[in-house]
Amino acid sequence: MPENSHAERTDSFEEKLRLIESAWRKKDFRLARSLAHSLRHSAIQAQAEEENPGKPLGPTNALPVESLPARWRAWARGWKFFRVIHLDDTLGLERAAEPVELLLAFSSAQVTSLAREVRVARIVNGVLHEVPSQVYGEVRRGEVCLAKILFLAGCAMHQRETFLVFHGNPDAELPAYPSDLETRGEGFALDIENDHYKATLSRQMGQIERISLKRDHGLELFAGGEGHGEPPCIDWAHDYAASGHFQKFRVTLWETCPDYEVVRGPLATIVRRWGFPQSPAHPVFTPARLHVDVEYRFYAGLPWFHKSGTMRVVKAFEAAALRDDEWVFSGNSFTDIVWMGADGKIRVGEVDAASRENLWAVGFANPRTKDSFV
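Now for a quick tour of the structure. Predicted model, so just to flag it, every value in this text is computed and none were measured.

Read from one edge of the open sheet, four strands run β16-β17-β18-β19, paired in antiparallel fashion. At either margin of the open sheet sits one strand with a lone partner, and together these are β16 (259-264) and β19 (305-313). For this sheet the average axis-to-axis angle between neighbouring strands, irrespective of direction, equals 10°. Where strand β17 (residues 268-275) and strand β18 (residues 290-299) come together, eight bridges link them in antiparallel fashion. Bridge pairing in β18 places Ala268 opposite Tyr299.

The end-to-end C-alpha distance of helix α2 (residues 13-25), which contains 13 residues, comes to 19 Å, matching closely the 18 Å that a straight helix rising 1.5 Å per residue would cover. Burial in α2 covers these residues: Lys16, Ile20, Ser22 and Ala23. Along α2, the residues classed as buried sweep out an arc of 165° about the axis, all on the same side. Exposed side chains of α2 directed beyond 90 degrees from the buried face belong to Glu14, Trp24 and Arg25. Elements in contact with the buried residues of α2: α3 (29-50). Just past α2, the residue Lys27 takes up positive phi, approximately 60°.

Evaluated as defined, the whole model comprises 19 aromatic pairs. Three or more aromatic residues link up through ring pairs in this structure, and these residues are Tyr197, Tyr296, Phe298, Phe305, Trp327, Phe329, Phe334, Phe364 and Phe373. Positioned over the ring face of Phe106 is Arg83, at 4.5 Å from the centre of the ring. Lying across the ring of Trp274, Arg272 places its NZ or CZ 5.9 Å from the centre.

Reading guide: rules and limits
Residues numbered from 1 in each chain as written. Predicted model: local features only at pLDDT ≥ 70, side-chain atom pairs only at ≥ 80, totals over all residues. Heavy atoms only, no water. Pairing = 2+ DSSP bridges. Helix = DSSP H or I, 4+ residues; strand = E, 2+ residues; numbered from the N terminus. Axes fitted to C-alpha atoms, helices over the stretch in contact; angles between N-to-C directions. Expected span 1.5 Å × (residues − 1). Buried < 20%, exposed > 50% of the residue type's maximum accessible area, 1.4 Å probe, protein only. Arc of directions from axis to C-beta. Contact = heavy atoms within 4.5 Å. Phe/Tyr/Trp six-rings, centres within 6.5 Å; stacked < 30°, edge-to-face > 60°. Lys NZ or Arg CZ within 6 Å of the ring centre and 35° of its normal.

Here's what the structure looks like:
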């Protein structure tokens, strides 16, 4: 084996596992901890090199800008390639500005830096208008570069909007779009603010601690009081109760985030955290049974944010209770119940008997102030 080969200069995942098992049998726990830490770095590097980013939209090959009409070629001077994206409203909704995220693939021979090069333009009455966009998650797999492209798009009901995505300009500068989205802090300990609200994430483990709504009287949503051994956040999930209700294991009991990723940009701040929930007696009990993955998405210019999460069982076990969502607000922030049935329509008031076992959304509202949380 050549001396300068990669395998000669590092150790494989399998080799580190063998060394950990050996250290564990010998009760050399300091070495076992060091090896576990090194194994984590192997996983991080393997993720960067081998993780499947998903199935991209459309083919890798793009069209030459030279094939565009003359005034569009002039608008895109400096860029060499483009592709066409059609967005259709199929539900009969008027859409003012909604986040659109596309995973696109590009030939590595046609790009230098997708974050700098990509530009999105909307066709309006035959004229190109640049749309602010955000590029993230850029990876290379062989001769293909992939990245996620995020932009805000509007559309009239049952209509089609057409966008062109340009790339292939090695001299392009990183765009600096104006934005009301401001993200302050480091890591996951962030304050995220736009013209509609300010969200504060727990400095301990990144859960949403409180939100201030800027409409009308400036309602602040907070939990109040004390938690169950953890900081009191308005986002109370995810957690589960062990068999016999012996203990509850919560992500809010993390002393810090086991793992996290943060994307910051002019259109969105994305905070993703994952790991195994912990109990108040951690690390006396450290079960690796239910893996939790939680993501927040905060957008520029929009009065709402997204939370999504998964709970994945990695080994069979008994849970007395399981909770993937709960929000706690102190005071009398809202006056009415809001809910959505299987028909996708929002209603205010008590849930009818026929819909109680088939709710798609639940929440609260104040019709006077127009504040709501769903």
